[in-house]
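# Examination of the molecular architecture
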Amino acid sequence: MSTSATDDLLRVDHLSVEFRTAAGVGRVVDSLSFSVPRGGALGIVGESGSGKSMTSLGIMGLLPKGGTATGSIVFDGQDLLTIGERAMRRVRGDRIAMIFQDPLSSLNPYYTVGTQIAEAYRSHRSGVSARAARRVVIEAMERVHIHDAGRRVDHYPHQFSGGMRQRIMIAMALSMEPELIIADEPTTALDVTVQAQILDLLAEIRRDTGAGLILITHDLAVVGQVTDRIVVMRRGRMVEQGAVADVFSDPQHEYTRRLLDAVPRIDDEIGELRTTGMSFAGVGEENA
Ligand SMILES: Nc1ncnc2c1ncn2[C@@H]1O[C@H](COP(=O)(O)OP(=O)(O)OP(=O)(O)O)[C@@H](O)[C@H]1O
Ligand SMILES: [Mg+2]
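Below: a short report on this structure.

### A closer look at the pairing of strand 10 (residues 237-243)
Here six bridges tie strand 9 (residues 229-234) to strand 10, and the two strands are oriented antiparallel to one another. Opposite Ile 230, over in strand 10, you have Gly 242 as the bridge partner. Linking strand 9 back to strand 10 in an antiparallel pair, the connection comprises two residues, with Arg 235 at a positive phi of about 45 degrees.

Quick look at the structure:
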């Protein structure tokens, strides 16, 4: 049950992430605040090293050793920074799912994809039989448009292309019916055509399931296609945030303008992205 007045799905308030090393304390995320409404999609963009991954790992309670998070991360009325590891394990994977850049490193080469998704699913749903889990897995694979899922479920990771493996990871996340999906550079390792297909899939999932989405990328064109709002980060801090259409058409910060300049698109296409951003904002409201 949510107790927040605005009924945000996620509200991050003054989140800082610090690492204590022999050399001293380094702050890699500095007082970052943003929120994701129910069914909303937020893009977090910024150059390499700006703190995007540390932000998402902080939300998931998965910071590398030596890292600590302060501030508050209120998910459905609960502050994830104070609920403790046991409660956090129930949130992670189950209510908040994460999709990473490199699906190969997240998949075990020695087990079929079906076995791996089923295992992840059953670890969160005690008492589910192997047979029932297999049905859930095949359904999830069908939802991410893997054809012939009933046969492909018994294939090994190396038998799939990079794009298909990312679909497998998305299927794994979806099988849990999460309320929030955090995708950290989910298309970076893929070629452009496949990238577009995965982005379409994320947009479709968002529409069909009503799950909230945080999409992390260094590529502004990517967020333009899928999210309603953008947070722009640089060196651990928020540079600006706003609706996709506003940030694209009227960036407030020189750094954002430079990120936009790096997007190889002509004005017409930016206009198109703008329209897409606005139409997704509409869909988000319907789902909320
Ligand atoms: N284990 C660690 N200990 C100390 N500092 C770390 C650790 N891991 C990452 N950092 C630092 O945290 C900062 C933010 O890193 P982060 O991975 O969040 O960047 P990013 O925005 O995700 O970059 P990229 O686009 O390359 O993925 C970087 O300066 C990085 O060097
Ligand atoms: Mg990263």
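There's plenty left to go through after this.
### Some details on the sheet that holds strand 5 (residues 78-79)
Consider a sheet: its strands pair through backbone hydrogen bonds, and that pairing is either parallel or antiparallel. In spatial order, the strands read 2-1-4-5; together these four strands make up an open sheet with antiparallel pairing. Both edges of this open sheet fall to strand 2 (24-37) and strand 5, since each of them pairs with a single strand only. With 10 bridges connecting them, strand 1 (residues 8-21) and strand 2 associate as antiparallel partners. Bridged to Phe 19 within strand 2 is Gly 26. The sheet contacts of helix 1 (residues 52-60) involve strand 1, strand 2 and strand 4 (67-75), and relative to strand 2 the element is tilted by about 75 degrees.

### With respect to helix 7 (residues 162-175)
Counted at 1.5 Å a residue, the expected span for helix 7 with its 14 residues is 20 Å, and the 20 Å between its end C-alpha atoms agrees. Counting buried positions along helix 7 gives 12 out of 14 residues, so the element sits mostly inside the fold. Buried within helix 7 we find Gly 163, Arg 165, Gln 166, Arg 167, Ile 168, Met 169, Ile 170, Ala 171, Met 172, Ala 173, Leu 174 and Ser 175. Residues of helix 7 that are buried make contact with strand 6 (96-99), helix 3 (103-106), helix 4 (113-124), helix 5 (130-143), strand 7 (180-184) and helix 8 (192-209). At the exit of helix 7 stands Glu 177, carrying a positive phi of roughly 45 degrees.

### Overview of the site of ligand 1
Near ligand 1 you find Phe 19, Val 28, Glu 47, Ser 48, Gly 49, Ser 50, Gly 51, Lys 52, Ser 53, Met 54, Pro 64 and Glu 185, and these make up its full shell. Note that an oxygen atom of ligand 1 is positioned 2.8 Å from one of the backbone N or O atoms of Gly 49. A distance of 3.1 Å separates an oxygen atom of ligand 1 from a polar backbone atom of Ser 50. Within the complex, 61% of the 640 Å² of free accessible area of ligand 1 lies under protein. Among the elements that make up the shell around ligand 1, the one with the highest residue count is helix 1 (three residues). Residues that form the shell around ligand 1 fall into these classes: four nonpolar, five polar and three charged.

### With respect to the pattern of salt bridges
In this structure the tally under the stated criterion is 13 salt bridges. Asp 94 is the salt-bridge partner of Arg 125, the closest N and O atoms lying 3.2 Å from each other. Pair noted here: Arg 125 is in the loop between helix 4 and helix 5 and Asp 94 is in the loop between helix 2 (85-91) and strand 6, with a separation of 31 residues, a long-range link. We classify Asp 94 as buried; its relative accessible area is 16%. Salt-bridge contacts for Arg 151 lead to Asp 148; the nearest nitrogen and oxygen are separated by 2.6 Å. The exposure class of Arg 151 is partly exposed, given its relative accessible area of 47%. Salt bridges linked by common partners bring Glu 18, Arg 27, Asp 30 and Arg 237 together as one network.

### Let's talk about helix 5
An ideal rise of 1.5 Å per residue puts 20 Å on 14 residues; helix 5 measures up with 20 Å between its terminal C-alpha atoms. If you check which residues of helix 5 are buried, you get Ala 133, Val 137, Ile 138, Ala 140 and Met 141. Viewed along the axis of helix 5, the buried residues span an arc of 160 degrees, placing them on a single side of the element. Along helix 5, the residues that are exposed and aim more than 90 degrees away from the buried face are Arg 131, Arg 135 and Glu 139. Looking at the buried positions of helix 5, the neighbouring elements they touch are helix 4, helix 6 (149-152) and helix 7.

### A word on the layout of surface pockets
One water molecule sets the probe size; rolling that probe over the atoms shows where empty space is left. Its boundaries defined by the atoms lining it, the largest pocket holds a volume of some 420 Å³. Lining the largest pocket are 16 residues, with Gly 93, Met 98, Phe 100, Ala 120 and Met 172 positioned closest to its centre. For the lining of the largest pocket, the per-class residue count stands at 11 nonpolar, four polar and one charged.

### Regarding the sheet that holds strand 8 (residues 212-217)
Read across the open sheet, the six strands follow the order 6-7-8-3-9-10; overall the sheet is mixed. Sheet topology places strand 6 and strand 10 at the edges, where each strand pairs with a single neighbour. In this sheet, adjacent strand axes meet at a mean angle of 15 degrees when their direction is disregarded. Both strand 3 (residues 41-45) and strand 9 contribute to a ladder of four bridges, which runs parallel. By the bridge assignment, Val 45 is partnered in strand 9 with Val 232. Contacts from helix 11 (residues 254-261) reach strand 3, strand 9 and strand 10 within the one sheet, and its direction differs from that of strand 9 by about 105 degrees.

Calculation criteria
Residues numbered from 1 in each chain as written. Chains lettered and ligands numbered in written order. Predicted model: local features only at pLDDT ≥ 70, side-chain atom pairs only at ≥ 80, totals over all residues. Heavy atoms only, no water. Pairing = 2+ DSSP bridges. Helix = DSSP H or I, 4+ residues; strand = E, 2+ residues; numbered from the N terminus. Contact = heavy atoms within 4.5 Å. Axes fitted to C-alpha atoms, helices over the stretch in contact; angles between N-to-C directions. Expected span 1.5 Å × (residues − 1). Buried < 20%, exposed > 50% of the residue type's maximum accessible area, 1.4 Å probe, protein only. Near = heavy atom within 4 Å. Polar contact = N/O pair within 3.5 Å; in protein donor to acceptor, adjacent residues only side chain to side chain. Areas by Shrake-Rupley, 256 points an atom, 1.4 Å probe, with all protein chains shown as cover. Nonpolar A, V, L, I, M, F, W, Y, C, P; charged D, E, K, R; others polar. Salt bridge = Lys/Arg side-chain N within 4 Å of Asp/Glu carboxyl O. Arc of directions from axis to C-beta. 1 Å grid on protein atoms, 1.4 Å probe; cavity = no way out; pocket = protein on both sides within 12 Å on 5 of 7 lines; lining within 4 Å. Points joined across faces, edges and corners; volume = space filled by probe spheres on them.

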